[in-house]
Amino acid sequence: MSMQASDTRTESTPDPSAQLDVLGDECARMILVATSDGPKTAKELTKRTDSSSATVYRRINNLLESGLLSECVRFDDDGSHTTAYEATIETLEVQIQADGIDVSMPTTDE
């Protein structure tokens, strides 16, 4: 089965504290790891994380809102399509400074 992915979502500037909060969740981290090698559907992520679909969708939404995950459409050879998700980062840098915490994320296309 051959598939293509097409990006469908543009993210705003993420909140550093939200990024750190979402990374505190094991299921969210598992989703990031699973999507680091290419787009995965929510169904695939549910199997991979051994979590309920409701939990996976909540974590996907948190990851999307924090800019750590992107949404795309995956097209199959038979013409069908489905929503898939892909990690937007390979590296996350956290700096703790006198004026607060700074989180920087070089994106995978840099």
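Residues numbered from 1 in each chain as written. Predicted model: local features only at pLDDT ≥ 70, side-chain atom pairs only at ≥ 80, totals over all residues. Heavy atoms only, no water.

Peer 1: What am I meant to see in the overall build of the chain here?
Peer 2: Within the chain one finds 4 helices and 5 strands. Ordered by position from the N terminus, the helices and strands of the chain form the series β-α-α-α-α-β-β-β-β. A buried classification covers 35% of the 110 residues belonging to the chain. The contacts in the chain between residues at least 6 apart in sequence include a share of 54% that link residues at least 24 apart. Summed over all atoms, the accessible surface of the chain reaches about 6,800 Å², with 46% contributed by carbon and sulfur. (Helix = DSSP H or I, 4+ residues; strand = E, 2+ residues; numbered from the N terminus. Buried < 20%, exposed > 50% of the residue type's maximum accessible area, 1.4 Å probe, protein only. Contact = heavy atoms within 4.5 Å. Areas by Shrake-Rupley, 256 points an atom, 1.4 Å probe, with all protein chains shown as cover.)

Peer 1: Is there a simple way to explain the confidence of the model for the chain in this structure?
Peer 2: Low-pLDDT stretches of the model should not have their predicted coordinates read in fine detail. Averaged over every residue, the pLDDT of the chain is 83; the share at 70 or more is 82%. Contacts from residues 1–12, a stretch scored under 50 in pLDDT, to residues over four places away or in other chains number 30 contacts. (pLDDT = per-residue confidence, 0-100.)

Peer 1: What is the right way to read the environment of Ala84 from this model?
Peer 2: Its place among the elements puts Ala84 in strand β3 (residues 81–87). Sequence separation between Ala84 and Gly38 is 46 residues, and the spatial gap between their C-alpha atoms is 9.2 Å.

Peer 1: Sorry, what's going on with the nonpolar core here?
Peer 2: Grouped burial of nonpolar side chains is what soluble globular proteins tend to show. Counting residues in hydrophobic clusters, the biggest one holds 18 residues, and the most contacted among them are Ile31, Ile60, Leu63 and Leu69. Those elements that provide at least two residues to this core are α1 (16–23), α2 (26–35), α3 (42–49), α4 (53–65) and β3. No other element matches α2, which puts 5 residues into this core. Apart from residues no more than four positions distant in its own chain, Leu63 is found in contact with Val22, Ala28, Ile31, Leu32, Leu68 and Leu69. (Core = buried A, V, L, I, M, F, W, Y, C linked by side-chain atoms within 4.5 Å.)

Peer 1: Help me understand the pairing of strand β2 (residues 69–76) in this model?
Peer 2: Consecutive residues of a regular strand have side chains that alternate between opposite faces of the sheet. With 7 of its 8 residues buried, β2 lies for the most part within the structure. Here 7 bridges tie β2 to β3, and the two strands are oriented antiparallel to one another. Looking across to β3, one finds that Cys72 is bridged to Ala84. (Pairing = 2+ DSSP bridges.)

Peer 1: Explain the pattern of salt bridges here, please?
Peer 2: A side chain of one charge can pair with a side chain of the opposite charge if their charged atoms are brought near each other. A full pass over the atoms with the stated rule returns 3 salt bridges. Notably, a salt bridge pairs Arg59 with Asp25, separated by 2.8 Å at the nearest N-O pair. With Arg59 in helix α4 and Asp25 in the loop between α1 and α2, this residue pair connects regions lying 34 residues apart in the sequence. The class of Arg59 is buried, set by a relative accessible area of 18%. A salt bridge links Arg74 to Glu44, with the nearest nitrogen and oxygen atoms 3.1 Å apart. (Salt bridge = Lys/Arg side-chain N within 4 Å of Asp/Glu carboxyl O.)

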